[in-house]
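Given next are the chains, with one letter for each unit.
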Amino acid sequence: MNSTDPTVETAASAHPGRSPRGPEVAARVGIALGTAILVCFVTGLLSHWIQHPPTWFRWPVHPVWLYRLTQGAHVVSGVAAVPLVLVKLWSVYPRLFQKLRPRSPLWFAERGSIALLVGSVLFELSTGLANIAQYYPWKFFFPAAHYAMAYVAIGAMAVHLAVKLPVIREALARPADTPPDPGPGRVRVSRRAVLGAAWAGAAVAALSVAGQTVPFLRWAALLAPRSGHGPQGVPVNRTAAEAGVATTAAAPGYRLVVAAGDRSREFTRAELTAMPQAEANLPIACVEGWSAAAHWSGVRLRDLLDTVGYRGGDVRLTSLEQSGLYRGSVLPAPFAADRDTLIALALNGEPLDLDHGYPCRLIAPNRPGVLQTKWLSRIEVSA
Ligand SMILES: Nc1nc2c(c(=O)[nH]1)N[C@H]1C(S)=C(S)[C@@H](COP(=O)(O)O)O[C@H]1N2
Ligand SMILES: [Mo]
């Protein structure tokens, strides 16, 4: 090490106990950041499994609000992590680029895991934020990349924690409020102030997105692109015009096909409306983190399936939409049998708006918004 190198000879390394930068702040912010990342990882994994279920995975039908809670936590913890990452990087900044000679396998593990950790966490947070804003300035498929990189981030975090454990324990044992020595020409900032700024930043960031999923925080939803506006008081993710179904959905020749095995039936919207109607209070909970409570009425899916002799099994729902990633979904058997699972014809007391899925759409309990297929054309029991 060259001791006259100005990037190394900072207040942090010259007076390790007295700079606002250093392990005292890094370890404390690190605990909050690590917790946020863990919550984000677990809730993200759940959301992925619900959408691409491994054979062993079972997601419950009830409580109806569970996905709303886990996905809200996913987005809130991810957004709260942004200021924490910035403060954490600031607190270790001079050391991050220290030119040290490779010393041992542990040195490689430490440096390598930090590079992977910083890179993957910044990737996850920036792609996640862009997705909330429905902004896709990249060429890769967001869900796949975001999912794969999550394992890199959590793995690198585990290695980082293991390698740094002695440093972390030591730093946490030292008080955070030692008055710092500003050094020549430096501004005096206390560690307490830095930590306070980190907590305040995380709280403000969390509030700014929590408002799109927690009703009484709606006033604070600065970062929320869809915080409650839309026809019938519910935001719209993709309009009928965007999906290219505005004409077919409103056409007089519209029929819903319901099929099981070799039996199938067709229903006009009027025939659906003439069937016994059921009601349910179920939220729309988008993977992007916004959600809204709503009152639905329509035909119970199980009543509709009974007309073709349903004997159980997963159910495939297909939209009038010709292309588009979310034109179809599969509903696991326990959801299909639930009394709250509706083929909705009305929302909040009015006939379903075209943008909410007219003539009819699926609404099932505890299910990501992306799987609540709109503008249904076909319902069939999977073979
Ligand atoms: N056919 C079809 N259904 C769809 C979608 C879509 O793009 N196409 N988007 C889904 C998504 S991502 C969400 S969050 C919900 C939103 O329902 P809403 O627009 O009625 O609020 O619809 C879902 N149903
Ligand atoms: Mo969504």
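The preceding data block contains the structure.
Residues numbered from 1 in each chain as written. Chains lettered and ligands numbered in written order. Predicted model: local features only at pLDDT ≥ 70, side-chain atom pairs only at ≥ 80, totals over all residues. Heavy atoms only, no water.

Trainee: Explanation requested: the sheet that holds strand 12 (residues 376-381) in the structure shown.
Mentor: Backbone hydrogen bonds hold the strands of a sheet together, and the pairing may be parallel or antiparallel. With mixed pairing, the 5 strands of this open sheet are ordered in space as 2-1-12-7-8. Two strands in the sheet have a free side with no partner beyond their single neighbour: strand 2 (263-267) and strand 8 (328-331). With direction set aside, neighbouring strand axes in the sheet form an average angle of 15 degrees. Sheet topology places strand 7 (residues 315-319) next to strand 8; 4 bridges connect them, and they run antiparallel. Looking at strand 8, one finds that T318 is bridged to G328. (Pairing = 2+ DSSP bridges. Helix = DSSP H or I, 4+ residues; strand = E, 2+ residues; numbered from the N terminus. Axes fitted to C-alpha atoms, helices over the stretch in contact; angles between N-to-C directions.)

Trainee: It is not clear to me how helix 6 (residues 191-210) should be interpreted in this structure. Could you clarify?
Mentor: Note: α-helices contain 3.6 residues per turn, so residues at a spacing of three or four share the same orientation. When the terminal C-alpha atoms of helix 6 are compared, their 28 Å separation across 20 residues agrees well with the 28 Å that a helix rising 1.5 Å per residue should span. When we look at burial in helix 6, the residues that qualify are R191, V194, L195, A198, A202, A205, A206, S208, V209 and A210. Structurally, helix 6 contributes buried residues whose contacts are with helix 2 (23-51) and helix 3 (66-96). (Expected span 1.5 Å × (residues − 1). Buried < 20%, exposed > 50% of the residue type's maximum accessible area, 1.4 Å probe, protein only. Contact = heavy atoms within 4.5 Å.)

Trainee: How should I be thinking about the packing of helix 3 against helix 4 (residues 105-132) in this particular structure?
Mentor: Relative placement of two packed helices is described by the angle separating their axes and the distance separating the axes. Viewed as axis vectors pointing N to C, helix 3 and helix 4 meet at an angle of 145 degrees, and their least axial separation amounts to 10 Å. Judged by the sense of rotation from one axis to the other, the crossing of helix 3 with helix 4 is left-handed. Facing helix 3, whose interface residues are V75, G78, V79, A81, V82, V85, L89, R95 and L96, helix 4 presents R111, I114, V118, V121, L122, L125, L129 and I132. Grouping the amino acids of the contact of helix 3 with helix 4 by side-chain chemistry returns 14 nonpolar, 1 polar and 2 charged. (Left-handed = near helix turned anticlockwise from the far one by under 90°. Nonpolar A, V, L, I, M, F, W, Y, C, P; charged D, E, K, R; others polar.)

Trainee: I tried to follow the site of ligand 1 on my own but got confused; where do I start?
Mentor: Residues in close proximity to ligand 1 total 19 residues, the closest being P235, E321, H356, Q372 and K374. A distance of 2.6 Å is found between an oxygen atom of ligand 1 and a side-chain nitrogen or oxygen belonging to H356. Note that a nitrogen atom of ligand 1 is positioned 3.0 Å from one of the backbone N or O atoms of Q372. Notes on ligand 1: free accessible area 530 Å², of which the protein chains cover 99%. Its residues assigned to classes, the shell around ligand 1 comprises 9 nonpolar, 6 polar and 4 charged. (Near = heavy atom within 4 Å. Polar contact = N/O pair within 3.5 Å; in protein donor to acceptor, adjacent residues only side chain to side chain. Areas by Shrake-Rupley, 256 points an atom, 1.4 Å probe, with all protein chains shown as cover.)

Trainee: Looking at this structure, I do not really get the packing of helix 2 against helix 5 (residues 142-173). What am I missing?
Mentor: At a closest axis distance of 10 Å, the pairing of helix 2 and helix 5 adopts a crossing angle of 155 degrees. Classified by the angle their axes make, helix 2 and helix 5 are roughly antiparallel. Like other packed secondary-structure pairs, helix 2 and helix 5 cross with a definite hand, here left-handed. Residue-level contacts link P23, E24, A27, R28, I31, G34, I37, L38, F41, L45 and H48 of helix 2 to Y147, A150, Y151, I154, M157, V167, I168, A171 and L172 of helix 5. (Parallel < 35°, antiparallel > 145°, perpendicular 65-115°, else oblique.)

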